[in-house]
Amino acid sequence: VQLQASGGGLVQAGGPLRLSCTVSGRTVGNLYLGWFRQAPGKEREFVAAVSQNGGLSQYGDSVKGRFTISRDIRKNTVGLQINKLKPDDTAVYYCAASIRWDIRLKPAAQAMNYWGQGTLVTVSS
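Here's what I pulled together on the structure shown here. Values in this document were obtained by computation on a predicted structure and should not be read as measured data. (Residues numbered from 1 in each chain as written. Predicted model: local features only at pLDDT ≥ 70, side-chain atom pairs only at ≥ 80, totals over all residues. Heavy atoms only, no water.)

1. Regarding the nonpolar core
The following threshold applies: In plain words, nonpolar cores are sets of buried Ala, Val, Leu, Ile, Met, Phe, Trp, Tyr and Cys residues tied together by side-chain atoms within 4.5 Å. Partly exposed describes any residue whose relative accessible area lies between the buried limit of under 20% and the exposed limit of over 50%, with all areas from a 1.4 Å probe on protein chains only and scaled to the type maximum. Put simply, DSSP H or I for four residues or longer makes a helix, DSSP E for two residues or longer makes a strand, and each gets a number counted from the N terminus. Contact definition: two residues touch when any of their heavy atoms are within 4.5 Å.
Residues Leu19, Leu33, Trp35, Val47, Leu80 and Tyr93 are the most contacted members of the largest nonpolar core, which totals 28 residues. Only strand 1 (2-6), strand 3 (17-24), strand 4 (32-38), strand 5 (45-50), strand 7 (67-72), strand 8 (77-82), strand 9 (91-98) and strand 11 (119-124) provide two or more residues apiece to this core. Filtering out sequence-adjacent residues up to four positions away, Leu19 remains in contact with Ser6, Gly7, Gly8, Trp35, Val78, Gly79, Leu80, Ile82, Tyr93, Thr119 and Val121. Residues Ala49, Ala96, Ile103 and Met112 belong to the second largest nonpolar core, which totals ten residues.

Next comes the structure, spelled out in structure tokens:
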């Protein structure tokens, strides 16, 4: 399974941005899909995830109400819509996938089986 994240860039605070992750080697319908981020000098942080059947999603406390995760079965992608960007959202964003992880459990980066290369989001104030 390979993941390719895209969509990052330099954006102004308050604006929107959409990240996308293309998945190959397995259908997104069989994967727990998540987004994590890592800011300079900080640990990797959970952002959002969607369950294998697409029926459940979960979000990190710092992004609830501003971020929305979605997946496109036809395109085999998972997206992350970010609204009302803040300078604190500046980070490298990674998409990740797990075959067996249960969305009812606490999100865990170490439980992910596959990772994309990351896409940098920089928010200017």
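2. Describing the environment of Trp101
Tracing the backbone through its elements, the reader meets Trp101 in the loop between strand 9 and strand 10 (114-115). C-alpha of Trp101 to C-alpha of Leu31: the two residues are 70 residues apart in sequence and 8.5 Å apart in space. Aside from chain neighbours lying at most four places away, what touches Trp101 is Tyr32, Gln52, Lys106, Pro107, Ala108, Ala111 and Met112.

3. So, the pattern of salt bridges
Pairs may arise between side chains of opposite charge once their charged atoms sit close together. Condition: Think of a salt bridge as a Lys or Arg side-chain nitrogen and an Asp or Glu carboxyl oxygen that are within 4 Å of each other.
In total, this model carries five salt bridges according to the counting rule given. A salt bridge links Glu45 to Arg37, with the shortest nitrogen-to-oxygen separation between them at 2.8 Å. With a relative accessible area of 30%, Glu45 lands in the partly exposed category. The partner of Arg37 in a salt bridge is Asp89, and the shortest N-O contact between them spans 2.9 Å.

4. What about the state of the cysteines?
Operational definition: What counts as a disulfide here is a pair of cysteine sulfur atoms lying within 2.5 Å.
Following the criterion strictly, the structure yields one disulfide and no others. Across the disulfide from Cys21 sits Cys95; the S-S distance is 2.1 Å. One disulfide, between Cys21 and Cys95, carries an S-S torsion of 60° and so falls in the right-handed class. With a gap of 74 residues between them, Cys21 in strand 3 and Cys95 in strand 9 connect regions that are remote in the sequence.

5. So, the side chain of Ser98
Definition in use: N or O atoms within 3.5 Å of each other form a polar contact, as long as, within protein, one can give a hydrogen and the other can take it, and as long as residues adjacent in sequence are counted only when both atoms are side-chain atoms.
Tracing the backbone shows Ser98 in strand 9. Classification of Ser98 as buried rests on a relative accessible area of 3%. Side-chain polar atoms of Ser98 contact the side chain of Asn113, separated by 3.3 Å. With sequence-adjacent residues up to four places away left out, Ser98 is seen in contact with Leu31, Tyr32, Gln52, Ala111, Met112 and Asn113.

6. A closer look at the packing of aromatic side chains
Any pair of aromatic rings gets described here by the distance separating the centres and the angle formed by the planes. Note the cut-off: By convention, a stacked pair of Phe, Tyr or Trp rings (six-membered ring in the case of Trp) has centres within 6.5 Å and planes under 30 degrees apart, an edge-to-face pair has planes over 60 apart, and any other such pair is tilted. To sit over a ring, a charge needs its Lys NZ or Arg CZ within 6 Å of the ring centre and within 35 degrees of the ring normal.
Taken as a whole, this structure holds three aromatic pairs when the rule is applied. Seen in terms of ring centroids, Tyr94 and Trp115 are 6.3 Å apart; in terms of plane orientation they differ by 80°. Their pairing is edge-to-face. Taken together, the residues Tyr94 in strand 9 and Trp115 in strand 10 connect sequence positions 21 residues apart. In this arrangement the basic side chain of Arg44 is found over the ring face of Tyr94, its NZ or CZ atom lying 4.0 Å from the centre. Positioned over the ring face of Trp115 is Arg44, at 4.6 Å from the centre of the ring.

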